[in-house]
Protein chains: 2
Amino acid sequence: MTQQIQITKSQNLKEKPEVAGIPFGSYFTDHMFLMDYSAEMGWHDARIVPYAPFEISPSSQVLHYGQSVFEGLKAYNVDGEVILFRPDENFKRLNRSLERMSMPKVDEEFALDALYELLKIEHDWVPDGEGQSLYVRPFVFANEPYLGVRPAKSYRMMIVLSPVAGYYGAQLNPTSIYVEDDYVRAVRGGVGEAKFAGNYASSYAAQQKANDLGYEQVLWLDGVHQEYIEEVGSMNIFFVRDGELITPQLNGSILPGITRKSLITLAEDLGYTVREERIHISDVEKGIKDGSISEVFGAGTAAVVAPVGIMNIHGTDYRVNNNEIGKVTQELYDNLTGIQTKKQEDKHGWVYDVTATVK
Amino acid sequence: MTQQIQITKSQNLKEKPEVAGIPFGSYFTDHMFLMDYSAEMGWHDARIVPYAPFEISPSSQVLHYGQSVFEGLKAYNVDGEVILFRPDENFKRLNRSLERMSMPKVDEEFALDALYELLKIEHDWVPDGEGQSLYVRPFVFANEPYLGVRPAKSYRMMIVLSPVAGYYGAQLNPTSIYVEDDYVRAVRGGVGEAKFAGNYASSYAAQQKANDLGYEQVLWLDGVHQEYIEEVGSMNIFFVRDGELITPQLNGSILPGITRKSLITLAEDLGYTVREERIHISDVEKGIKDGSISEVFGAGTAAVVAPVGIMNIHGTDYRVNNNEIGKVTQELYDNLTGIQTKKQEDKHGWVYDVTATVK
């Protein structure tokens, strides 16, 4: 069942960049992982090769019909050890996304092994600066050269690695969000809960509109009523209300974030009550006005936790927690990054020590 | 403003296939058109080169975030002349799709000139069999090697050509459709009206479900109420009701088909009343039961007109027009293909004679 991974080492290793200065996802390591799928052979030809452009057919289905999904996680350098945070969850979600998009699933354990092999080769690339990490991007796309509209018969899975600084820089600064009333990201019955490539391109017009209006992120409302909160930018969202945490319940159109899931567990560990609810935008507006909502933050792999300082709701700007980082937000950020960097006890077995396994 | 098109001819021309036997979109001609876009240079480096795989970066944005749109039209061989049907409409729609997906627009006239140049080189490839044509596929995708979630700064436009038989074979046979109650294709505020690559991958699960249940195509209901008719498979839909034609009104989530638009004009020319309405699925069910709806057909570039013989609504199979091709359907098909093949007068200037222009 498990394949051998063929390894071809690069003969021209790149210079390691100053990570603090490079934009997110713009610089890549020396090697990448690939494997191919065909209806006849299943997943095959697993290999690690030098990071380089590859050939694609002009009629490759991904270019025409967008059959493509991805994952994102981070490898941390903790005192020279390479660790991952809940990578099993990423490969589980990858398979759920693949299934939703009518694509062939991968062997989750093998995929994780492949990532370990790749990280073993690239361990020098995992930066150790504050907030820095090696961003891991597994993705799968249709590459059959065929223009008929139906699921492809051949696919490629790849993993590429990119050293990154904190998504919003090193500082945890409050962000501003614009509640979008016209554009819709996803609707129940659609593909919103899959980490489907096209969900991101579909969000650009609204993102641009928010930026043009002077806000950093979009807050999406549900596709049916355009009244219930879904997610913000490419993160999940949390509110601190009367000392409790609330976040939109997973409903088929919201991405089931691994940071979201982890924060729920962590907050409960810290003694908070966490409620997953259907949240009406008017209730948020009221809550911010009357002070019952004291903090708002986004949660995602790239940013980990992103405090929200300004929220524009139906044309009115509301300041949240005086546009400062809230106590609960900071506490959750410190605790989650604490676990991710082995400064705090990992009582749920979330941290995977790559170095220990592959040395 | 207008670029020169650099031409590199293939040294190894392929054998022309027996078009009747090849699946739709699986065989391509000797050459293709490309041009590139960068923020600094705009669209540049327009060229016609041998059809071949090309290099793409592993971090090319189209693979990760799905920023890609396309068009589809057909070149016909009429007594040795190469003609196109309303290609100006395709490039207009391409620009609308590009705009919706935050991608740079192309010069419509230049794009059409480029297609003419390509067809001039490939005119031997336009088949002359009954129902056969050379399918033209313009497409544009993001190719910046960058994983940040924002519109790309570099793009490629390509045109590839594929000789095709009729989409459903040479015969105009009635198809069966399944009214989808759970999966949703698009919703107002989303990207349903763009010819966006991801809209097609998003439809696969429902298409597979319909096929597994024994139906050829999916009929999509609206994303808000899941009650109003949107489109069928990758076609628009028409009903003949009390001798009039009705079709769903364009609402932002339905693809504005060029065949749809042409059939509306053509039907009016033939003396029919055409109504663009919001159509409730229950009214269709009633209409089929009481006989007021006498014909149903899909309309799209690939199939032109596709009669519907069986419709499954909420679990019940309904036969339309005794599962035979209706009189109005046949009349519209004959008239539209008559214009497309110059057997009938082209009073709206829909037919573009490529040969006359480029000889």
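Since we're looking at a predicted model, the values are computed, not measured.

Here the focus is the packing of aromatic side chains. Throughout the structure, instances matching the rule amount to 26 aromatic pairs over all chains. Between the aromatic rings of Tyr65 of chain A and Tyr200 of chain B, the centroid separation amounts to 5.7 Å while the plane-to-plane angle is 45 degrees, which identifies the pairing as tilted. In this pair, Tyr65 of chain A sits in helix α1 (residues 61–65) while Tyr200 of chain B sits in helix α4 (residues 197–201), so the two residues belong to two different chains. The exposure classification of Tyr65 of chain A matches that of Tyr200 of chain B, with both residues buried. Taken together, a centroid distance of 5.6 Å and an interplanar angle of 80 degrees make the contact between Phe85 of chain B and Trp350 of chain B edge-to-face. Of the two residues, Phe85 of chain B is situated in strand β7 (residues 81–85) and Trp350 of chain B in the loop between α8 (327–340) and β19 (351–353); the sequence distance between them amounts to 265 residues. Cluster of aromatic residues (ring-pair linked, three or more members): Tyr37, Trp43 and Tyr155 of chain A. Over the ring of Tyr228 of chain A we find Arg278 of chain A; its NZ or CZ atom is 3.9 Å from the centre of that ring.

All names here are of chain B. On the secondary structure map, Lys74 appears in strand β6 (residues 73–78). Buried charge without a partner: Lys74 forms no salt bridge, and the closest opposite charge is Glu130, 12 Å away. A polar atom in the side chain of Lys74 sits 3.1 Å from the backbone oxygen of Thr301. At 2.7 Å, the side chain of Lys74 and the backbone oxygen of Ala302 are in polar contact.

Right, let's get into the domain arrangement of chain A. All names here are of chain A. Assigned domains within chain A: domain 1 (6–168) and domain 2 (175–340). Summarising the inter-unit geometry, the C-alpha centres of domain 1 and domain 2 are found 27 Å apart. For the pair domain 1 and domain 2, the summed buried area comes to about 2100 Å², and 61% of that belongs to carbon and sulfur atoms. Taken together, the connections running from domain 1 to domain 2 amount to one salt bridge. Notably, a salt bridge pairs Lys261 with Glu89, separated by 3.0 Å at the nearest N-O pair. Along the contact surface separating domain 1 from domain 2 lie 11 residue pairs in polar contact (both at pLDDT 80 or more). Element by element, the count of residues in the side of domain 1 that touches domain 2 is highest for helix α2 (residues 87–100), at six residues.

Here the focus is the interface of chain A and chain B. The extent of an interface is frequently quoted as the accessible surface area lost upon association of the parts. Across the boundary between the two partners, chain A contributes 60 residues, which contact 60 residues of chain B. Sorting the residues of chain A by area buried against chain B places Pro58, Leu63 and Tyr204 of chain A first, and these three jointly supply 14% of that buried surface. Taken together, the links from chain A to chain B amount to zero salt bridges. Counting the contacts that link chain A with chain B gives 28 residue pairs in polar contact (both at pLDDT 80 or more). Where the side of chain A that touches chain B is concerned, the elements lending two or more residues are β4 (54–56), α1, β5 (68–70), β8 (133–142), β9 (154–164), α4 (197–201) and α5 (204–212) of chain A. Residue composition of the side of chain A that touches chain B, by class: 37 nonpolar, 17 polar and six charged. One ladder, built from three bridges, connects β4 of chain A with strand β4 (residues 54–56) of chain B; its direction is antiparallel. Within the sheet, the bridge partner assigned to Glu55 of chain A lies in β4 of chain B and is Glu55 of chain B.

To continue, consider the relation of the copies chain A and chain B. In this arrangement, two copies of a chain are superimposed by a rotation about an axis accompanied by a shift along the axis. Overlaying chain A with chain B gives an RMSD of 0.0 Å, the required rotation being 180 degrees about an axis along which the chain moves by 0.0 Å. Interpreted geometrically, this transformation is the action of a two-fold axis. Take the interface residues of chain A: 100% of them recur as interface residues in chain B, which is what a same-surface contact looks like.

Residues and elements named next belong to chain A. Residues of helix α7 (residues 281–290) that are buried: Ile281, Val284, Glu285, Gly287 and Ile288. For α7, the arc enclosing every buried residue in end-on projection is 165 degrees, short of the 170-degree limit, so these residues lie on one face. Of the exposed residues in α7, those oriented more than 90 degrees away from the buried face are Lys286, Lys289 and Asp290. Downstream of α7 by one or two residues, Gly291 has phi in the positive range, about 85 degrees.

Every other side chain in a regular strand lies on the same face of the sheet, so the side chains alternate between the two faces. Residues and elements named next belong to chain B. Taken across its 10 residues, strand β17 (residues 304–313) has 10 buried, putting it largely inside the fold. Direction of pairing for strand β10 (residues 175–179) relative to β17: parallel, over a ladder of four bridges. Bridge pairing in β17 places Ser176 opposite Ile310. Bridge count for strand β16 (residues 293–300) against β17 is four bridges, and the pairing is antiparallel. Looking at the pairing, Phe297 lines up with Pro307 of β17. Where β16 folds back on β17, the antiparallel hairpin that results is connected by three residues. The pairing of β17 with strand β18 (residues 316–319) spans four bridges and is antiparallel. Counted as the bridge partner of Met311 is Tyr318 from β18. Following β17, the chain reverses through two residues before pairing antiparallel with β18; His314 in that reversal takes a positive phi of roughly 50 degrees.

The rules behind these values
Residues numbered from 1 in each chain as written. Chains lettered and ligands numbered in written order. Predicted model: local features only at pLDDT ≥ 70, side-chain atom pairs only at ≥ 80, totals over all residues. Heavy atoms only, no water. Phe/Tyr/Trp six-rings, centres within 6.5 Å; stacked < 30°, edge-to-face > 60°. Helix = DSSP H or I, 4+ residues; strand = E, 2+ residues; numbered from the N terminus. Buried < 20%, exposed > 50% of the residue type's maximum accessible area, 1.4 Å probe, protein only. Lys NZ or Arg CZ within 6 Å of the ring centre and 35° of its normal. Lys, Arg positive; Asp, Glu negative; His and termini not counted. Salt bridge = Lys/Arg side-chain N within 4 Å of Asp/Glu carboxyl O. Polar contact = N/O pair within 3.5 Å; in protein donor to acceptor, adjacent residues only side chain to side chain. Domains from an automatic or database assignment. Buried area = accessible area lost by both parts, 1.4 Å probe. Contact = heavy atoms within 4.5 Å. Nonpolar A, V, L, I, M, F, W, Y, C, P; charged D, E, K, R; others polar. Pairing = 2+ DSSP bridges. Least-squares fit on C-alpha atoms with pLDDT ≥ 70 in both. Arc of directions from axis to C-beta.

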